[in-house]
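Structure at a glance
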Amino acid sequence: QVQLVESGGGLVQPGQSLRLSCATSGSIFGFAAMGWYRQGPGKQRELVAKIYSTGSTNYADSAKGRFIISADAAKNMVYLQMNSLKPEDTAVYYCNVVPRSSGIDYWGQGTQVTVSS
């Protein structure tokens, strides 16, 4: 069982930045992939960014050039640096990991990001 705890959400103005953090209960070396998803009001959950055990990354088109996903093995943390935030980035952001051993998706409880002037 993997536990994930997100933090770092909040209310910001357009153009500002936020860094989301995800604390994992297990070593990130045990994960095949780690990612951030979001679900906006009235929308389906969508991938924002993902980082694989190989170090490769994948970003949604809406995140490219503005968001950066990273992982800290020493701290068992996954981060999402979000820059140049837009109102359409408003959503609940969820941390996701997939352990190598099971291939099962694990989710955090989510953290709210609101971008508004």
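Our structure's up above, just so we're on the same page.
Report on the accompanying structure. (Residues numbered from 1 in each chain as written. Predicted model: local features only at pLDDT ≥ 70, side-chain atom pairs only at ≥ 80, totals over all residues. Heavy atoms only, no water.)

Description of the overall build of the chain
On a plain count of helices and strands, the chain comes out with 0 helices and 11 strands. Reading the chain from its N end, one meets helices and strands in the order β-β-β-β-β-β-β-β-β-β-β. The C-alpha atoms of the chain give a radius of gyration of 13 Å, which matches the 13 Å a tight globule of 117 residues would have. Looking at the 117 residues of the chain, the share that counts as buried comes to 43%. Surface exposure of the chain reaches about 6000 Å², of which carbon and sulfur atoms provide 48%. The distance from the centre of the 10 positive side-chain charges to the centre of the 7 negative ones in the chain is 3 Å. (Helix = DSSP H or I, 4+ residues; strand = E, 2+ residues; numbered from the N terminus. Rg over C-alpha atoms; globule rule 2.2 N^0.38 Å. Buried < 20%, exposed > 50% of the residue type's maximum accessible area, 1.4 Å probe, protein only. Areas by Shrake-Rupley, 256 points an atom, 1.4 Å probe, with all protein chains shown as cover. Lys, Arg positive; Asp, Glu negative; His and termini not counted. Charge placed at Lys NZ, Arg CZ, Asp CG, Glu CD.)

Points about the nonpolar core
Judged by nonpolar contacts, the single largest core of 28 residues is most densely connected at Trp36, Val48, Phe67, Ile69, Leu80, Met82 and Tyr93. The set of elements that each furnish at least two residues to this core consists of strand E3 (18–24), strand E4 (31–39), strand E5 (46–52), strand E7 (67–72), strand E8 (77–82), strand E9 (91–99) and strand E11 (111–115). Here this core takes 4 residues from E9, the largest share from any one element. Excluding residues within four positions of it along the chain, Val48 makes contact with Trp36, Tyr37, Arg38, Asn58, Tyr59, Ala60, Ala63, Phe67, Leu80 and Tyr93. (Core = buried A, V, L, I, M, F, W, Y, C linked by side-chain atoms within 4.5 Å. Contact = heavy atoms within 4.5 Å.)

Details of the sheet that holds E3
With antiparallel pairing, the 4 strands of this open sheet are ordered in space as E1-E3-E8-E7. Among the strands making up the open sheet, the edge pair consists of strand E1 (4–7) and E7. Put simply, the sheet's adjacent strands are angled 15 degrees from each other on average, direction ignored. (Pairing = 2+ DSSP bridges. Axes fitted to C-alpha atoms, helices over the stretch in contact; angles between N-to-C directions.)

Digging into the state of the cysteines
As used here, a disulfide is simply a covalent bond connecting the sulfur atoms of two cysteines. Under the definition given, this model contains 1 disulfide. Here Cys22 is linked by a disulfide to Cys95, with a sulfur-sulfur distance of 2.1 Å. What sets the handedness of the Cys22 and Cys95 disulfide is the S-S torsion sign, and at about -85 degrees it is left-handed. You can see Cys22 sitting in strand E3 and its partner Cys95 sitting in strand E9, a full 73 residues away along the chain. Assigned by exposure class, Cys22 and Cys95 land together as buried. (Disulfide = S-S within 2.5 Å.)

A short note on the pattern of salt bridges
Scanning the model with the defined rule gives 4 salt bridges in all. Its salt-bridge partner being Asp89, residue Arg66 comes within 2.8 Å of it at the nearest N-O pair. You can see Arg66 sitting in the loop between strand E6 (57–59) and E7 and its partner Asp89 sitting in the loop between E8 and E9, a full 23 residues away along the chain. In this pair, the class of Arg66 matches that of Asp89, namely buried. Salt bridges sharing common partners tie together Arg38, Glu46, Arg66 and Asp89. (Salt bridge = Lys/Arg side-chain N within 4 Å of Asp/Glu carboxyl O.)

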